[in-house]
Amino acid sequence: MTSHVVTNASKSGHIDIVKWAVEKGVKITYYALRGAIYCDNYELFVFLHKSGFDLDECLALIALKTKNTRIFDYICEKTEIELKDIAYEIVESGSVEMMKILLENAEIDLNDIAYMIAECGSAEMMKILLENGLEYSSNFYHFAEMSENEELITFFNENGYGRFIDEMDALS
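Peer 1: For a negative patch on the surface, give the residues involved together with the corresponding values.
Peer 2: Taken together, the side chains of E57, E80, E82 and D85 make up a negatively charged region of the molecular surface. Here E57 shows up in helix 5 (residues 57-65). A residue is classified by how much of its surface remains accessible, and E57, at 39% relative accessible area, is partly exposed.

Peer 1: Requested: an account of the nonpolar core, with residues and values cited.
Peer 2: Membership of the largest hydrophobic core comes to 61 residues, with the highest contact counts inside it found for F72 and M126. Each residue touching F72, except ones within four places of it in the same chain, is listed here: A60, A63, L64, L83, I86, I90 and M98.

Peer 1: Run through the packing of helix 2 (residues 15-23) against helix 4 (residues 42-50), naming residues and quoting values.
Peer 2: Helix 4 packs onto helix 2 with a crossing angle of 10 degrees between their chain directions and a minimal axis gap of 10 Å. When the axis of helix 2 is compared with that of helix 4, the two are roughly parallel. Taking contact as the criterion, the partners of I15, V18, K19 and V22 in helix 2 are, on helix 4, E43, L44, F47 and L48. Split into classes, the residues belonging to the contact of helix 2 with helix 4 amount to six nonpolar, no polar and two charged.

Scoring rules and cut-offs
- Residues numbered from 1 in each chain as written.
- Predicted model: local features only at pLDDT ≥ 70, side-chain atom pairs only at ≥ 80, totals over all residues.
- Heavy atoms only, no water.
- Patch = residues over 30% accessible without salt bridge, like charges linked within 9 Å, V, L, I, M, F, W, Y side chains within 5 Å.
- Areas by Shrake-Rupley, 256 points an atom, 1.4 Å probe, with all protein chains shown as cover.
- Salt bridge = Lys/Arg side-chain N within 4 Å of Asp/Glu carboxyl O.
- Lys, Arg positive; Asp, Glu negative; His and termini not counted.
- Charge placed at Lys NZ, Arg CZ, Asp CG, Glu CD.
- Helix = DSSP H or I, 4+ residues; strand = E, 2+ residues; numbered from the N terminus.
- Buried < 20%, exposed > 50% of the residue type's maximum accessible area, 1.4 Å probe, protein only.
- Core = buried A, V, L, I, M, F, W, Y, C linked by side-chain atoms within 4.5 Å.
- Contact = heavy atoms within 4.5 Å.
- Axes fitted to C-alpha atoms, helices over the stretch in contact; angles between N-to-C directions.
- Parallel < 35°, antiparallel > 145°, perpendicular 65-115°, else oblique.
- Nonpolar A, V, L, I, M, F, W, Y, C, P; charged D, E, K, R; others polar.

The structure is reproduced here in structure tokens:
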């Protein structure tokens, strides 16, 4: 029996087959863990990890990109992966839930995240930052313009932020 059995069963979410194969000594591969992430099977993922496979940043990014927050949380909890080191990937993924996890668990400058959002994030993400104490800067607007982030430009304009808001505040 080969590791393909575990990988294919994992991709399909068949935990009983995976457990049986592992008990028979079939080697677990990286692809089996990926399969558990893609089929959104937390129990299977944890079983495979506990059966001896190491977790890494690549698996965390796969969980992030598939918006599998439960497995992502598990990987971060069991490893020394720093959320701040994958902040850009979180913003790029578009996952508001992951963004909230980042803000709750990582020591990171809100301005740094705001620039990432201006480049490739969503208005909802920027709103969360502003609600969490980010001080608006017209630089965010300019950066969104340079990145052609129309959603964010619209958000800024519709919510009283704008291109020259800092300068207007300085004049008052």
